[in-house]
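# Commentary on secondary and tertiary structure
In case you want the letters, here they are:
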Amino acid sequence: MFICPLCAFKVRRGDLELKKVTYILFIDILGYQELAEEISSKIDFEASHIRRFYFRDPLDQTLYKFHNSIDYRPLTDSFLVFAYDLKQYSK
Amino acid sequence: MSKLSIPFKNPILIPLEIGLAKAELDEDVDPIDQDGTINILKVDLLKYYKEYYRKKTNKRVMNTFIVITKDFYESLSEDRRYLCDKIVYTDDKGKEIEFYFAEPNMMRDISGNDTNDIAKIKKYLDKIQTDRLWKYFELKALIFREQETGRWIAQFIYIRLLNEPVSENSLRTNNLILIHKLYSMTELRPVLESVTSGEFQVSDFPSALLEEIDGSMEYEFCGYINNYRIRSPADSFIVTSPAHILLKGGKSPSKLSDSEMSMLQDLRNYDQMSPIVDATRRHLNLGFWNFTYSAFFVAIAPLPMQRPRIAFSNNQMEIRIGCEEDVAPLDLEVNIIGKIDGNNTSLRIHDNFIRIAEDMVYNTNLKAGDEDGALVDLYYKGNQFETCYVKRE
């Protein structure tokens, strides 16, 4: 079961048994469509290729470097990332 | 992640919107399958921020931003919280939603060093703004031209917050510049933040590299030790009253030594034994500095108060602290724990001071009577600035 991270104003916390703390990141590319079109209009390169090779793939590869300690799910223009321990990412 | 760029002639950074939340899940739940997660973060958190930004600026968000939920904010360490600004957004139905805007540099900084520096600067500024005791600050810096490359390098940057203005007294030669400038407090934030940029520039002087000042930024509140001396690191800078200190250390002064010959030519009128030290003392009045100091950046905010005078005779304890009028009586607190043969007694006192002329005074009659001494802790706005044992006379 999922508990709303936004202060439980959608899901009542008391209804569920709480066990595992999960940190959730939603990473979205701002202007995924428009920015690729804009760049495409300036250079001889298709917008779809720009989206794939220069927007999504580098981000995917970057996240993959952490695959031993996180879970992530690629979406169309965004990524959903799950981490379980903040301490290993901070000094 | 925000270093993603397209490798054309003029590379651009791809802006990202990032939402972070903390959730508590059943062990058997695979959150990756939860589409609700996406909606909550994307539709609620990110959308709220974009609406908030548009209302505030009349523009669309174009740059990378990071927003976090209150739960996530509360799971951060205190230092990291200084990197987040609280936002209370009111939606169309009048509902208030609290979330936080996080410093985007956090995402770029894989090592955590820059993030640490920014957090410590914000923490320091937060303390300074809470105290509101200073009107000016002076900046003193030694920059030198590296003999081998001709580059200007900063050896130290010293900042001290002041109540009264002082005269500037810079010295400029071909290879050595001693900068002494006075600023109003409104300039403090940009000056401190510039220290994280890798280069340091004061108007009318050349830009200097900060590669020698490469340590980790630290914030300390330094009070007295047993009513005797100021705690480290303030004592290294001859500070004589309790102070907020922001300090970043660096490398040993080998580059300065390597370039010394060219500077000595410029400083013929100074003490022939140690001309650079002599010039620094004369122009910057930094008597503590000599070649044994590694490169550093320091910002000192001394509290306008003198060393406490504590007397404990018969049943009477009196504490007097000379304080400038900007210090309010309620800002000062005293904690007293009774002692017999070094062991705590049941005597506990927690109280405030009153102002009598130029002194803050605390006076009490300790009726318990058997104590042969007391442990006295003094606080300024929650910062402990003295802890000492006082013997009954």
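This text gives an overview of the structure that appears in the document. Model, not experiment: these values are computed from the prediction.

### Topic: the overall build of chain A
Helix and strand counts for chain A stand at two helices and three strands. Overall, chain A shows an N-to-C arrangement of helices and strands of β-α-α-β-β. Burial status across chain A gives 44% buried among its 91 residues. With the model as given, the accessible surface of chain A reaches about 5,200 Å², and the carbon-plus-sulfur share is 49%.

### Overview of the environment of Thr 280 of chain B
All names here are of chain B. Mapped onto the elements, Thr 280 comes out in helix H9 (residues 275-284). On the accessibility criterion, Thr 280 (0% relative accessible area) is buried. For the pair formed by Thr 280 and Leu 178, sequence separation is 102 residues and the distance between their alpha carbons is 7.0 Å. When residues no more than four places from it in sequence are discounted, the contact partners of Thr 280 are Leu 142, Phe 156, Leu 178, Asn 285, Leu 286 and Trp 289.

### Digging into the sheet that holds strand S3 (residues 84-90) of chain B
Read from one edge of the open sheet, seven strands run S2(A)-S3(A)-S1(A)-S1(B)-S2(B)-S4(B)-S3(B), paired in mixed fashion. Among the strands making up the open sheet, the edge pair consists of strand S2 (70-74) of chain A together with S3 of chain B. Strand-to-strand, the axes of this sheet are offset by a mean angle of 25°, without reference to chain direction. The pairing of strand S1 (residues 16-25) of chain B with strand S2 (residues 65-69) of chain B spans four bridges and is classified as parallel. Counted as the bridge partner of Glu 17 of chain B is Phe 65 of chain B from S2 of chain B. Each of strand S1 (20-29), S2 and strand S3 (78-83) of chain A together with S1 of chain B touches helix H2 (residues 47-64) of chain A; the most contacted strand, S3 of chain A, lies at about 10° to it.

### Regarding helix H1 (residues 32-42) of chain A
Think of an α-helix as 3.6 residues a turn; residues three or four steps apart then line up on the same face. All names here are of chain A. Those residues of H1 that fall on the buried side of the exposure criterion are Tyr 32, Leu 35, Ala 36, Ile 39 and Ser 40. Axial view of H1: buried residues confined to an arc of 135°, hence all on one face. Exposed and facing more than 90 degrees away from the buried side of H1 are Ser 41 and Lys 42. Against S1 and H2 lie the buried residues of H1.

Rules used throughout
Residues numbered from 1 in each chain as written. Chains lettered and ligands numbered in written order. Predicted model: local features only at pLDDT ≥ 70, side-chain atom pairs only at ≥ 80, totals over all residues. Heavy atoms only, no water. Helix = DSSP H or I, 4+ residues; strand = E, 2+ residues; numbered from the N terminus. Buried < 20%, exposed > 50% of the residue type's maximum accessible area, 1.4 Å probe, protein only. Areas by Shrake-Rupley, 256 points an atom, 1.4 Å probe, with all protein chains shown as cover. Contact = heavy atoms within 4.5 Å. Pairing = 2+ DSSP bridges. Axes fitted to C-alpha atoms, helices over the stretch in contact; angles between N-to-C directions. Arc of directions from axis to C-beta.

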